[in-house]
Every structure is written in structure tokens, then in C-alpha cells.
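# A look at the structure
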Amino acid sequence: VGVGRAPAAAAAARLRARRRSPSDRFSEMLLRVEGWSEELDARHAAAAEAAAAPSRIERVLRGSIVGGRNEEVVAALRLCYTDYKPLRLMGDLIFSLMGKLMRKSGPS
């Protein structure tokens, strides 16, 4: 009975996300990326102990966290995200990939 519920729930969540304004979605993404900072720091420390280099997407995520702390960068990215739909679509894709990375790796 519950087999079809997960895809339906995911589709409903995507629909709700589309209804929010691009500015609100950008703000939510910014908060989530900042929340990943502590977890990424712990992963980086564990990788350093294992002498493992961070992956390319982990470096992109780290850059996003640093950029998210700079008001001028945030203002420029917000403008691009809210005013240019092709850039918004790419921003959503990158954010989705980063979210998958954080979920896949799990807490350190």
C-alpha cells in the first residue's frame, strides 16, 4: 500500500518548492549550505588523518560555504538566481548534487 507514497511525497515536495519565490528558495539554500559547514569540517579533518584529498565536489561545496559568508557574493548570486531562469536551473542542479554528496557520505 505504501509503495507509491514515497514518489508521490517527493513530487508534492518539489511542487511546494516551486511555489516559493526564487528569493525565498535562495535564502533556504544559503542556510542549508551554511549548516553543512560544520559537517564538512569534520569530514575534512578525518580525510586529513587518512591522507585523502577532498573530492572536486567537496571543494566546490567548501567554496560555496566561503562565498555564502561574503555579502557581496551573496547579493550577486541572489540577483543571478532570482532574475535568470537558466542560471536558477543550474543553481538548483548544483545544490541538488551537493545535497546528495552530504547525504551519501553521512556524518563522519
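Structural notes, computed from the coordinates. (Residues numbered from 1 in each chain as written. Predicted model: local features only at pLDDT ≥ 70, side-chain atom pairs only at ≥ 80, totals over all residues. Heavy atoms only, no water.)

### Examining the nonpolar core
Val33, Trp36, Leu40, Leu61, Ile65, Phe95 and Met102 are the most contacted members of the largest nonpolar core, which totals 13 residues. At the level of elements, helix H2 (22-49), helix H3 (56-67), helix H4 (71-83) and helix H5 (85-105) are the ones that each hand at least two residues to this core. With five residues, the top contributor of residues to this core is H2. Apart from residues no more than four positions distant in its own chain, leucine 61 is found in contact with Val33, Trp36, Leu40, Met98, Leu101 and Met102. (Core = buried A, V, L, I, M, F, W, Y, C linked by side-chain atoms within 4.5 Å. Buried < 20%, exposed > 50% of the residue type's maximum accessible area, 1.4 Å probe, protein only. Helix = DSSP H or I, 4+ residues; strand = E, 2+ residues; numbered from the N terminus. Contact = heavy atoms within 4.5 Å.)

### Focus: the packing of aromatic side chains
Counted by the stated rule, this structure contains two aromatic pairs. With a centroid separation of 5.7 Å and an interplanar angle of 45 degrees, the aromatic rings of phenylalanine 26 and tyrosine 81 are classed as tilted. With phenylalanine 26 in helix H2 and tyrosine 81 in helix H4, the pair connects residues that are 55 residues apart, well separated along the chain. Residue phenylalanine 26 is classed as buried on the basis of its relative accessible area of 9%. Residues tryptophan 36 and phenylalanine 95 carry aromatic rings whose centres are separated by 5.5 Å and whose planes lie at 20 degrees to one another, so their mutual orientation is stacked. Placement of tryptophan 36 in helix H2 and of phenylalanine 95 in helix H5 is noted, with a sequence separation of 59 residues between them. Side by side, tryptophan 36 and phenylalanine 95 carry an identical accessibility label, which is buried. (Phe/Tyr/Trp six-rings, centres within 6.5 Å; stacked < 30°, edge-to-face > 60°.)

### Concerning the pattern of salt bridges
Considering all chains together, one arrives at three salt bridges under this definition. Across the pair arginine 20 and glutamate 28 runs a salt bridge whose closest N-O atoms are separated by 2.9 Å. For arginine 20, a relative accessible area of 32% translates into the label partly exposed. Residue glutamate 28 is classed as partly exposed on the basis of its relative accessible area, which comes to 37%. Linking glutamate 34 and arginine 69 is a salt bridge whose minimum nitrogen-to-oxygen distance equals 3.0 Å. Here glutamate 34 is found in helix H2, whereas its partner arginine 69 is found in the loop between H3 and H4, with 35 residues between them in sequence. (Salt bridge = Lys/Arg side-chain N within 4 Å of Asp/Glu carboxyl O.)

Keep in mind these values describe shape, not function.
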